[in-house]
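Okay, here's what each chain looks like letter by letter:
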Amino acid sequence: MSQYHPILFFLQLGVLVSLGLAGYCAYRLRRHGRSLVVLSVGLLAVSIAIYNGAAAMKTASLALPGKLWWYKLEFLGSLALPSVAVTLALAYVGQERWLTRPVLAVLVGIPAVAVPLIIANPGSVMITEPTLVETGGFWALEHGHPPLFVMVAAWGEGATLLAALVVGGSGLFGNARRAPALILGAALGLPYGALMLKTLQVYPPGGEGINIVPAFASGMLVIVALAIARYRLFDLLPVGRSKAFGVMDDGYMLADATGTIVDANEAARTLLGEERLTARAVGEAISELRWPGATGGPVGTGDLVGADGQEEAADPVTATVEGRTLQMRSSAVRDGRKAVGRVFMLRDITALREREQALKEENERLDRFASVLSHDLRNPLNVAQGRLQLAKEQLTKEVGSDPEGHVTSAERALRRMNEIIEDMLLLTWSEQELSPGDLGPVDLEAAARAAWDHVDAPKATLEVESSTRLRGHEGRLQRLLENLFRNAIEHGGKAVSVTVGALPDVQSPPGGQSLPGGQLPSKGTSSSGGLSSGGFFVEDDGPGIPVERREKVLEGGYSSREKGTGLGLSIVQGIAAAHGWSTLITEPVSESSTESQAGGARFEFRNDGTQGG
């Protein structure tokens, strides 16, 4: 035997909606992997499906035992709902860290203990004096409420209210997007509102024995489903946005078409020294950061939106705020061709400016040192060389030669001093750090040809096997190549053959292993119009460099020649380091084989990205 009540329609509809959303959540989890938000919504849907299904069967039943049994099964869903709602709220606002073991023990433990107690009801500890009462032609279940039952019910209401407040409060005062957070918070609060109505004995027409909470829970789920579709909660999760903008060091603000800030992260509040930014005018919040507009005044509503032809992004502006140097970038937010707001990104560049200033001072010190070498030492050296030449000419006239070789030795010493000063100047110049503004696109082949023209070796040959465009300093790159070419000639002989080529866009193999020549770009071709991320190599067919000496040769002062200064390859290393390039010495590699050729040295320069090159 059964009975009908209009609320049955809403309960049955709630079951269908809940199962549909639960199935969609299962699909999302299987297709896109684990997500606590998706999992929580799925469990919420399952709980509400059980709640509505048991409530529908209880409502339709006329026999007291059957009605009481279905009523007890309601608690499988109704007591799980508050725990899942709290989990969903914490996941949505990006506070999963609050789901500690003690918290999870409470969220899982209370339903796990209460539901069996309600179903078994030993000693009428949860339900007393169950009976059927007739209200307006409808038979409803009534029972007494022992203290333990009241405590469990109070916990459920409190947990549901807490979930609603966490989500809604994050939209009002935290980092969550306001509209979806408030909607979701209101949805989570619907069952609590229904419980309050039931407590106040406000019932739907037709009988005070009707439990309206399951229907309100279904309404909550409908709102959640609409929010998922409208705000793409599963695709562009607000928790993801909250996490990203919440933990980033850069400040983020979103202003609407009226110039009012509608969203901001913690970093923006910290950088601007403001406790609250939302609902404030942009011009008021960042009055010290001047917008590069026609008026040059603070950012205002007109600067934010402007005409349809306004540029999407504005040049960054900087200002000092509370002793820190801030840089602001801004981009228009558009709906089609219409500007509807603007995004502001704030970055603390104090450390960068201090680094630039320190770099400037360091370069100035190096310039002063180079000036001392170039003028204060070289000038008296030139005078000494001139005087010595006059003395040699005078001695030749009087004696006919330099019988003891003193003048010749002095000339040799002065020439060596001049070479040392020249190399020290180059070393000082090469070690000056490069700023991004010093770098530009440089063609490897053109730089190699220009460097070869400055090398006096008519019998030596240069082959550019492959070329590429590098991000670097053209003058220093040429000097690096000149030093490598001279080093090859000094150690490989006047007829040495030197090869220059591009490296593929792959990482250097570990342990200094040579790369297969077959991986290099085709001979005589250039890379694409973009800048290479691989690097380049210079190799020769000379005697090569033993493995045990490859690290030492790059150190300043190391030379295998008695007359060498030991600074040539140190200058090469300095120029490479200033560009952010790593230097690797290996053996030459042929294009068609991975076997090393006999003899020769190969210098590889790879982009490590430290200079953005």
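The paragraphs below set out a description of the structure included in this document. (Residues numbered from 1 in each chain as written. Predicted model: local features only at pLDDT ≥ 70, side-chain atom pairs only at ≥ 80, totals over all residues. Heavy atoms only, no water.)

## Here we look at the packing of helix H3 (residues 64-78) against helix H4 (residues 80-92)
Applied cut-off: Axis lines are fitted to C-alpha atoms, over the contacting stretch for helices. Their N-to-C directions set the angle, which ranges from 0 to 180 degrees. Think of it this way: any DSSP run of H or I at least four residues long counts as a helix, any run of E at least two long counts as a strand, and we number them from the N terminus. Orientation categories follow fixed angle ranges, with anything under 35 degrees roughly parallel, anything over 145 roughly antiparallel, 65 to 115 roughly perpendicular, and all other angles oblique. Whether two residues touch is decided by their heavy atoms; if any such pair falls within 4.5 Å, the residues are in contact. Residue polarity is assigned by list, with Asp, Glu, Lys and Arg as charged and Ala, Val, Leu, Ile, Met, Phe, Trp, Tyr, Cys and Pro as nonpolar; anything else, Gly included, falls into the polar class.
It is the contact of H3 with H4, at a shortest axis distance of 5 Å, that shows an interaxial angle of 5 degrees. Put simply, H3 runs roughly parallel to H4. Seen from H3, the contacting residues are Phe75, Leu76, Gly77 and Ser78; seen from H4, they are Ala80, Leu81 and Pro82. Looking at side-chain class alone, the contact of H3 with H4 contains five nonpolar, two polar and no charged residues.

## So, helix H15 (residues 444-452)
So the rule is basically this: In this scheme, a residue with accessible area under 20% of its type's maximum is buried, one over 50% is exposed, and one in between is partly exposed, where area comes from a 1.4 Å probe on protein chains only. Summarising the geometry, the arc corresponds to the directions from the helix axis toward the C-beta atoms. Pairs of N or O atoms within 3.5 Å make up the polar contacts considered here, provided that, within protein, one atom can donate a hydrogen while the other can accept it, and that residues adjacent in sequence are counted only when both atoms are side-chain atoms.
The set of residues buried in H15 consists of Leu444, Ala447, Ala448, Ala451 and Trp452. Looking straight down H15, one finds that the buried residues subtend no more than 130 degrees of arc, so they occupy a single side. In this fold, the buried residues of H15 make contact with strand S8 (440-443), strand S9 (461-464), strand S10 (469-472), helix H16 (474-492), strand S11 (497-502) and strand S12 (535-540). Backbone nitrogen of Glu445 and a side-chain oxygen of the N-cap are separated by 3.2 Å at the start of H15; the cap is Asp443.

## Points about the side chain of Ser467
Counting through the fold element by element, Ser467 comes out in the loop between S9 and S10. Note on Ser467: relative accessible area 3%, which makes it buried. Separated by 3.1 Å, the side chain of Ser467 and the backbone nitrogen of Glu445 make a polar contact.

## Section: the side chain of Ser466
Summarising the element assignment, Ser466 is placed in the loop between S9 and S10. The class of Ser466 is buried, set by a relative accessible area of 1%. At a separation of 2.9 Å, a polar atom in the side chain of Ser466 contacts the main-chain amide nitrogen of Ala502.

## Focus: the pattern of salt bridges
Short version of the rule: One side-chain nitrogen of Lys or Arg within 4 Å of one carboxyl oxygen of Asp or Glu is enough to make a salt bridge.
A full pass over the atoms with the stated rule returns nine salt bridges. When the shortest N-O distance is used, the salt bridge between Glu445 and Arg449 registers 3.5 Å. Placement of both Glu445 and Arg449 in helix H15 is noted, with a separation of four residues, approximately one turn of the helix. By relative accessible area, Glu445 is classed as partly exposed at 29%. The salt bridge partner of Glu482 is Arg486, with a shortest N-O separation of 3.4 Å. Residue Glu482 and its partner Arg486 are located together in helix H16, separated by four residues, close to a single helical turn. For Arg486, a relative accessible area of 31% translates into the label partly exposed.

## Description of the pairing of S11
Basically, it comes down to this: Strand pairing requires that DSSP identify at least two bridges connecting the strands.
Burial of S11 is extensive: five of the six residues sit out of reach of the surface. Inspection of the sheet shows S9 paired to S11 by four bridges, in the parallel sense. Counterpart to Glu463 in the pairing with S11 is Thr499. Of the strand pairs in this sheet, S11 and S12 are connected by five bridges, and their pairing is antiparallel. Residue pairing for S12: Val498 is matched across the bridge by Asp540.

## Notes on the sheet that holds S12
If you trace the five strands from one edge of the open sheet to the other, you get S9-S11-S12-S14-S13, paired in mixed fashion. Two strands in the sheet have a free side with no partner beyond their single neighbour: S9 and strand S13 (581-586). With strand direction ignored, the average angle separating the axes of adjacent strands in the sheet is 15 degrees. Pairing of S12 with strand S14 (residues 602-607) involves five bridges; the strand directions are antiparallel. Of the residues in S14, the one forming a bridge with Phe537 is Glu604. Against the sheet, H15 makes contact with S9, S11 and S12, and its axis sits at roughly 170 degrees relative to S9, the strand it touches most. Contacting S9, S11, S12, S13 and S14, H16 crosses the sheet at an angle of about 20 degrees to S12.

## Regarding the nonpolar core
So the rule is basically this: Residues enter a nonpolar core if they are buried and are Ala, Val, Leu, Ile, Met, Phe, Trp, Tyr or Cys, with the set joined through side-chain atoms within 4.5 Å.
Judged by nonpolar contacts, the single largest core of 49 residues is most densely connected at Leu44, Leu188 and Met220. Secondary structure elements with two or more residues in this core: helix H1 (7-32), helix H2 (36-60), H4, strand S2 (138-144), helix H6 (147-173), helix H7 (178-199) and helix H8 (213-231). Setting aside anything within four residues of it in sequence, one finds Leu44 in contact with Leu81, Val84, Ala85, Leu88, Met220 and Leu221.

Spatial relationships are all this shows, so hold off on functional conclusions.
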